[in-house]
Protein chains: 2
Amino acid sequence: MILALAGGVGGSKLARGLAACLAPSDLTVVVNTGDDFRHLGLWVSPDLDTVVYALAGLANRETGWGLAGETWHFMEALGRLGGETWFRLGDRDLATHVERTRRLDAGATLSEVTAALCAAFGVAHRVVPMSDQPVATVVHTDEGPLPFQHYFVRRRCVPAVRAVEHAGAHSARPSPAFAAALDDPRLRAIVVAPSNPLLSIGPILAVGGVRDAIAGARVPVVAVSPIVGGEAVKGPAAKILRELGHAASAATIATLYAGVADGLVVDERDRALCRTVEAAGLRVCVADTLMTDAQREAGLAQVVLAFAAELAEARGGRASA
Amino acid sequence: MILALAGGVGGSKLARGLAACLAPSDLTVVVNTGDDFRHLGLWVSPDLDTVVYALAGLANRETGWGLAGETWHFMEALGRLGGETWFRLGDRDLATHVERTRRLDAGATLSEVTAALCAAFGVAHRVVPMSDQPVATVVHTDEGPLPFQHYFVRRRCVPAVRAVEHAGAHSARPSPAFAAALDDPRLRAIVVAPSNPLLSIGPILAVGGVRDAIAGARVPVVAVSPIVGGEAVKGPAAKILRELGHAASAATIATLYAGVADGLVVDERDRALCRTVEAAGLRVCVADTLMTDAQREAGLAQVVLAFAAELAEARGGRASA
């Protein structure tokens, strides 16, 4: 059984690749909910939806978020009424938020709601929130503290980041399926998707007890670098790393995951960084990490799984030596 | 200045006719809010929207409710998720409910929200809720008590009506613009639109102090019968009147409005009922009341205004005699 930690776009691609390689009972994808927020009265879980839509085969491959073939009549009408349109909600996507909000308001947990949505969308692999307690990523910037979506969407990541806070994370508990996966005797590896280490994976690791549980896991923890050739494949990861005083490179990713991950998959373009990654204490694997189609997603998933198996074998060898 | 009391479809048509004849400052349309309900987390005001959309020139003339050229992608997606789809919300219409709910939750009154929506839709004539306090029409049926929309939409008016309750009406106050119109020295007449007397006009009259204020008004009160040839032009008015032991006729409308209205406009097809209407104490005016297009809407509005002027003159004559 494989446990994957995922944010939005990059996470959803590797999740789709892993789902292509693994039976539904052999994969649990734990998704960042630090981006979740109440907007227009609706509870929006952007990363959960991105992963679920991807596994359902309904994702918009151009934007990386939302549904393919979406229409925007609601949003246009809301704009004419002077409503808030900076966060785009498609007509069909809106049904997900309305139904999630209705179920949450009726007392269901986010795990229960997500399971119901997965069933409705025909997603057989387990996609679960990192926690059923609310965790809010706050981006402290040179313009002051900004709730995540205000930083990410409304301000288009323009303000310079000074620090990232995961409000509520310390007292939050891993969701039941996340906790169960961490304790599952069938667990073979933990995979950290090529999502933003500070904004997407950071909140998951910040949930009470998670960082220690993963750092002390008896199985290999393998991360995929979201930085390729000094730039993020998508999103503001490189910009934020630089603003926080880091080099935007796979080597920095290795530093950030040192003590948590055992191995890092870096892109072929970053082959020269292998020594630096190893100096941070991680084993390294070089691969083509750009998941531009379903075949490359599955291909990278297979590389990651093989790398994890290799690390497990090496660990077993050391243990028995 | 004319004050009109209106429900949904019939009310919106006469309101559109009056708006075609009167300057914006010379018309206030007070709309039933007993049908309002929270649905899918949204505050829906069906009659207000029907009247506003009609005056904005955006109404769907085929259905009598909703927007012309509407799409239903949200509703279809919600159905696929197992959500509640018995109350149809179009993609563009949804923006009205989201924006209304956002403003109400932020502390605005329904009057303030309605004024903002009217402005956004370019509606110059005043359309106002009957009250800013919630009033809920409950239909007591042979299947038990049903909230209005559950009776009207979900159960398609099938259960037999035993009584109609206006929960909260007694302690509700007329909205500020409604109260101001009743007290306005410029007020020349009160027009009761051809809406359901029990389900649409009943809630307005039930608001604290309204029935007495209208019954004691110094200006003529003129109603238009929603029953033509023994049937309702639209909706369940005839069925409900029969279930409550009344004949479904303009004569019954006269009985229901006796003591409140001074005159009743009946359709040409009901000319034979003039004596019965007069026996109930109302003056009668015969006209073609079927508002099948904009010209007929304005035509009926002119008849109603002329009838009111005639009653005012007769009243003035008596007063000075």
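Residues numbered from 1 in each chain as written. Chains lettered and ligands numbered in written order. Predicted model: local features only at pLDDT ≥ 70, side-chain atom pairs only at ≥ 80, totals over all residues.

(A) Seen up close, the overall build of chain A. Counting its regular elements, chain A contains 13 helices and 14 strands. Taken over the C-alpha trace, chain A has a radius of gyration of 19 Å; the compact-globule value for 321 residues is 20 Å, and the two agree within 12%. With the principal axes as the frame, chain A shows a C-alpha extent of 70 × 40 × 40 Å. Burial analysis of chain A (321 residues in total) assigns 52% to the buried set. For chain A, contacts bridging at least 24 residues in sequence account for 66% of all contacts bridging at least 6. (Helix = DSSP H or I, 4+ residues; strand = E, 2+ residues; numbered from the N terminus. Rg over C-alpha atoms; globule rule 2.2 N^0.38 Å. Buried ≥ 20, exposed ≤ 12 C-beta atoms within 10 Å, placed from the backbone. Contact = placed C-beta atoms within 7 Å.)

(B) Here's a closer look at the pairing of strand β1 (residues 2-6) of chain A. Residue and element names in this part refer to chain A. Where burial is concerned, most of β1 is hidden: 5 out of the 5 residues are buried. The alternating pattern of β1 places Ile2, Ala4 and Ala6 on one face and Leu3 and Leu5 on the opposite face, and all of these are buried. Pairing analysis gives 5 bridges linking β1 to strand β2 (residues 27-31), with the strands arranged parallel. Looking at β2, one finds that Ala4 is bridged to Val29. For the segment spanning β1, helix α1 (residues 9-21) and β2, crossover handedness is right-handed. (Pairing = 2+ DSSP bridges. Right-handed = clockwise from strand over helix to strand, strands pointing away.)

(C) Representation of the sheet that holds strand β2 (residues 27-31) of chain B. Residues and elements named next belong to chain B. Spatially, the 7 strands line up as an open sheet ordered β5-β2-β1-β9-β10-β13-β14, and their pairing is parallel. Only two strands of the sheet have a single partner each, and these edge strands are β5 (126-129) and β14 (283-287). Strand-to-strand, the axes of this sheet are offset by a mean angle of 20°, without reference to chain direction. Here helix α1 (residues 9-21) sits on the sheet and contacts β1 (2-6), β2, β9 (189-192) and β10 (221-224); the angle it forms with β1, its principal contact strand, is near 160°. Packed on one face of the sheet, helix α11 (residues 250-257) meets β9, β10 and β13 (263-267) and runs near 165° to β13. (Axes fitted to C-alpha atoms, helices over the stretch in contact; angles between N-to-C directions.)

(D) Quick peek at the packing of α1 of chain B against helix α2 (residues 46-55) of chain B. Residues and elements named next belong to chain B. Where α1 meets α2, the axes come as close as 9 Å, and the angle between the chain directions of the two elements is 35°. Classified by chirality, the crossing of α2 by α1 is right-handed. Along the contact surface, α1 presents Val9, Gly11, Ser12, Lys13, Ala15, Arg16 and Ala19, while α2 presents Asp47, Thr50, Val51, Ala54 and Leu55. The residue inventory of the contact of α1 with α2, partitioned by class, reads 6 nonpolar, 3 polar and 3 charged. (Left-handed = near helix turned anticlockwise from the far one by under 90°. Nonpolar A, V, L, I, M, F, W, Y, C, P; charged D, E, K, R; others polar.)

(E) Spotlight on the packing of helix α4 (residues 91-105) of chain A against helix α5 (residues 110-121) of chain A. All names here are of chain A. Packing of α4 against α5 brings their axes to within 9 Å, and their N-to-C directions diverge by 140°. As far as their axial angle goes, α5 and α4 are oblique. Of the two possible hands of crossing, α4 and α5 adopt the one that is right-handed. Residues Thr96, Arg100, Arg103 and Leu104 of α4 touch α5, and the partners they reach there are Leu110, Val113, Ala116 and Leu117. Per-class residue counts for the contact of α4 with α5 are 5 nonpolar, 1 polar and 2 charged. (Parallel < 35°, antiparallel > 145°, perpendicular 65-115°, else oblique.)

(F) Spotlight on α5 of chain A. Residue and element names in this part refer to chain A. Taking 1.5 Å of rise per residue, 12 residues should cover 16 Å, and α5 covers 16 Å from first to last C-alpha, within 8% of that figure. Of all the positions in α5, only Leu110, Val113, Thr114, Leu117 and Cys118 are classed as buried. Down the axis of α5, the buried side of the element spans an arc of 135°, and every buried residue falls inside it. On its buried face, α5 sits against α2 (46-55), α4 and β5 (126-129). Remark: Gly122 follows α5 within two positions and exhibits a positive phi of approximately 70°. (Expected span 1.5 Å × (residues − 1). Arc of directions from axis to C-beta.)

(G) Local environment of the sheet that holds strand β8 (residues 161-167) of chain A. Residue and element names in this part refer to chain A. Reading across from one edge, β7-β6-β8 is the order of the 3 strands in this open sheet, with antiparallel pairing throughout. Every other strand in the sheet has two partners, leaving β7 (144-147) and β8 as the edge strands with one partner each. Each neighbouring strand pair of the sheet contributes to a mean axis angle of 25°, computed without reference to strand direction. Taken together, the 4 bridges between strand β6 (residues 136-141) and β7 define a ladder with antiparallel strand orientation.

(H) Examining the interface of chain B and chain A more closely. Each partner contributes to the interface: chain B provides 23 residues, whereas chain A provides 23 residues. Mapped onto the side of chain B that touches chain A, the elements with two or more residues apiece are α3 (73-80), α4 (91-105) and α5 (110-121) of chain B. Per-class residue counts for the side of chain B that touches chain A are 10 nonpolar, 7 polar and 6 charged.

(I) Spotlight on helix α7 (residues 176-183) of chain B. Residue and element names in this part refer to chain B. Taken as a whole, α7 has its buried residues at Ala177, Phe178, Ala181 and Leu182. What you see down the axis of α7 is that its buried residues fit within an arc of 140°, all on one side. Structurally, α7 contributes buried residues whose contacts are with β1, β2, α5, β5 and α9 (210-215).

(J) Summary view of the nonpolar core. Of all hydrophobic cores here, the largest spans 205 residues; its most connected members are Ala4, Val222 and Leu264 of chain A together with Ala4, Val222 and Leu264 of chain B. What Leu264 of chain B contacts, discounting residues up to four positions off in sequence, is Ala223, Ser225, Ala250, Ile253, Ala254, Tyr257, Val277, Leu282 and Val284 of chain B. (Core = buried A, V, L, I, M, F, W, Y, C linked by C-beta atoms within 7 Å.)

(K) Representation of the confidence of the model for chain A in the model. Mean pLDDT over chain A works out to 95, with 98% of the residues at or above the 70 mark. Complex prediction metrics read pTM 0.91 and ipTM 0.89. (pLDDT = per-residue confidence, 0-100.)

(L) Local environment of the relation of the copies chain B and chain A. When chain B is fitted to chain A, the best match, at an RMSD of 0.0 Å, comes from turning it 180° and sliding it 0.0 Å along the axis. Those values place the two copies in the arrangement expected of a two-fold rotation axis. Among all residues of chain B, the minimum C-alpha distance to the rotation axis is found for Asp91 of chain B, at 3.1 Å. Interface overlap between copies is the fraction of interface residues in one copy that are interface residues in the other; for chain B against chain A it reaches 100%, indicating a shared surface. (Least-squares fit on C-alpha atoms with pLDDT ≥ 70 in both.)

(M) Quick look at the environment of Ile190 of chain B. All names here are of chain B. With respect to the helices and strands, Ile190 occurs in strand β9. Classification of Ile190 by C-beta neighbours within 10 Å gives buried; the count is 24. Sequence separation between Ile190 and Leu5 is 185 residues; the distance between their C-alpha atoms is 7.6 Å. Those residues within four positions of Ile190 in sequence are excluded, and the remaining contacts are Leu3, Ile214, Ala217, Val219 and Val221.

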